[in-house]
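# Inside the fold
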Amino acid sequence: MRENSFIEKNKEKWNEFENILKTPKKDPDKLSELFIEVTDDLSYSRTFYKNRSVRVYLNGIAQQVFRSIYKNRRTNQKRFVYFWKEDLPNIVWACRKELLLAFTVFAISVVIGVVSSANDPSFVKVILGDRYVEMTKENIRSGDPMAVYKKANGVDMFLGITMNNIMVAFRTFLFGIFFAFGSIALLIYNGIMIGAFQYFFYERGLFIESSLSIWLHGTLEISSIIIAGGAGITLGRGLLFPGTYTRMQSLRVSGRRGLKLLLGIVPVLIIAATIESFATRITEAPDIAKAAVIFLSLAFVLGYFVWVPYRKSRNPKPPKFAEPKLPQTITDKIDLVEIKTNGEILKDVFSFYRKYFKYFGGISLLIGILYGIFGVFVTHYNLRFHFIYGVDNPIIWIRNAFIFVGDQKIFFNYHDCPALFIANFIFIGLAITCTNFFFRKERGVITENQWWRSKYFYSTLALSFLASLIINLLFVMMDVGVATFIALISVPFIL
């Protein structure tokens, strides 16, 4: 059947269907009947009119119905409650060995920080930095040791601390991908820093006063970092000990567990930032009030993350901890025209990257090396300080290395270094172009040999760099720290 005849035969039915979609109250029976007919027409058009507008038109109508149903579908609101009441405690219990290891590493590191500070007076400056130590000494001389918590506006401080805490927790978890050693190293660094920090005040006879102020928010904050470390160790354990799974399957299982642990501490980090921004600054508050907040915070952490999981494990009929189902490895082409939910689309995205991982891995490594060299060059970053200074002292060298890792924000400081905008525009654009190339290859539109001569080459290049320009313009309008955080967590979704 010719396309014009096909349209003439069915256009009244399609118009009727569009009118029903526009009405507030729809006849479900009629809608269902017409939807079946339209999807049949869509299937026919995909077979005989692949590159014609009628297929696009029918696909658009089918998507409208799907979105309408999906948007208004009643969700099980008990799922949210179930996560906090059952799912998270069960995961905490399943990951108890990793969490215990994280706590042990952190506790030993605190002791190392205390002992090192007691035996080497310069150790505190090495760990905390000269500027912070001198500023705190000046505050002590002025009679207000905790004045550092009063310098910023409460709201600004809350936003900055929340973002920083989430960033630290996310990084601690993510570094677990390096066979758990990255997360352990960050726990060691944070533990040594806490130990040195506490000894600094103890040495000056301010241990109780400083502890009541610092642990007011630190009880929740440090507990969350330890849990994030446990989540990172859980992630790395999947790579180290795959068991009967393949290494990739094991990583997916452990990654889901670790990610749920990380999700569970986000509200705790927000509460900790609220306390630090609006309560810790009230240094004149009664000690009994501060002690009460610390006690309640500790009781919450021990109760929810220790006692509740233990109690559920001893329940006569405990809810069985179900391992997440592993989807079958996808070897066939991904269906790019089927109507899917957002979750299914996201699953396809990661299946797509897994399918072309060996290509993306090499390309990303090359782009990353070139970008790193360019970024260090244009920002005049002092690599000598981070990797040569202190090489004779392992603790100093490790500290400087972590400072280097934490300095990703220099690559988004467009105000001080406008050349970074051009660099980010070019390198992000190249990454998106590579993604679009493999996407078109997945669709079967092009092959490797046809790419440079393809009519899609220039349009793909233009769209990729337009997307990069929009992304970087958004980064320009953001705070440097916020832009860095957004870039780190959103790259897979941007691509």
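Predicted model only: the values in this text are computed from it and were never measured.

Cut-offs used in this document
Residues numbered from 1 in each chain as written. Predicted model: local features only at pLDDT ≥ 70, side-chain atom pairs only at ≥ 80, totals over all residues. Heavy atoms only, no water. Phe/Tyr/Trp six-rings, centres within 6.5 Å; stacked < 30°, edge-to-face > 60°. Buried < 20%, exposed > 50% of the residue type's maximum accessible area, 1.4 Å probe, protein only. Axes fitted to C-alpha atoms, helices over the stretch in contact; angles between N-to-C directions. Helix = DSSP H or I, 4+ residues; strand = E, 2+ residues; numbered from the N terminus. Parallel < 35°, antiparallel > 145°, perpendicular 65-115°, else oblique. Left-handed = near helix turned anticlockwise from the far one by under 90°. Contact = heavy atoms within 4.5 Å. Nonpolar A, V, L, I, M, F, W, Y, C, P; charged D, E, K, R; others polar. Core = buried A, V, L, I, M, F, W, Y, C linked by side-chain atoms within 4.5 Å. pLDDT = per-residue confidence, 0-100.

### Observations concerning the packing of aromatic side chains
Tallied over the full model, the rule gives 20 aromatic pairs. A ring pair is formed by Phe300 and Phe305, whose centres lie 6.3 Å apart and whose planes are at 85°; its orientation type is edge-to-face. With a relative accessible area of 11%, Phe305 lands in the buried category. The rings of Phe352, Tyr356, Tyr359, Phe437 and Phe438 are connected pair by pair, giving a single aromatic cluster.

### Overview of the packing of helix 10 (residues 207–240) against helix 12 (residues 287–313)
Closest axis-to-axis distance for the helix 10/helix 12 pair is 8 Å, and the angle between their directions is 15°. Considering the angle they form, helix 10 stands roughly parallel to helix 12. Helix 12 is crossed by helix 10, and the crossing has left-handed handedness. Where helix 10 abuts helix 12, its residues Ser211, Leu212, Ser213, Trp215, Leu216, Thr219, Leu220, Ser223 and Ile227 lie against Asp287, Lys290, Ala291, Val293, Ile294, Ser297, Leu298, Phe300, Val301 and Phe305. Residue classes in the contact of helix 10 with helix 12 are distributed as 12 nonpolar, five polar and two charged.

### Observations concerning the nonpolar core
By size, the foremost hydrophobic cluster in this structure holds 32 residues, and its most contacted members are Ala169, Leu261, Leu262, Ile265 and Phe305. Elements that contribute at least two residues to this core include exactly helix 4 (78–94), helix 8 (154–174), helix 10, helix 11 (247–278) and helix 12. Sort the elements by how many residues they give to this core and helix 10 lands first, with nine residues. The contact partners of Leu262, leaving out residues within four places of it in the chain, are Ala169, Phe170, Phe173, Ala228 and Ala231.

### Focus: the confidence of the model for the protein chain
Taken residue by residue, the protein chain gives an average pLDDT of 79. The fraction at 70 or more is 78%. In this model residues 327–331 is a low-confidence stretch, pLDDT under 50, and it forms six contacts with partners more than four residues away in sequence or in other chains.

### Section: the side chain of Thr219
Mapped onto the secondary structure, Thr219 falls in helix 10. Given the relative accessible area of 6%, Thr219 is considered buried. Setting aside anything within four residues of it in sequence, one finds Thr219 in contact with Ile294, Ser297, Leu298 and Val301.

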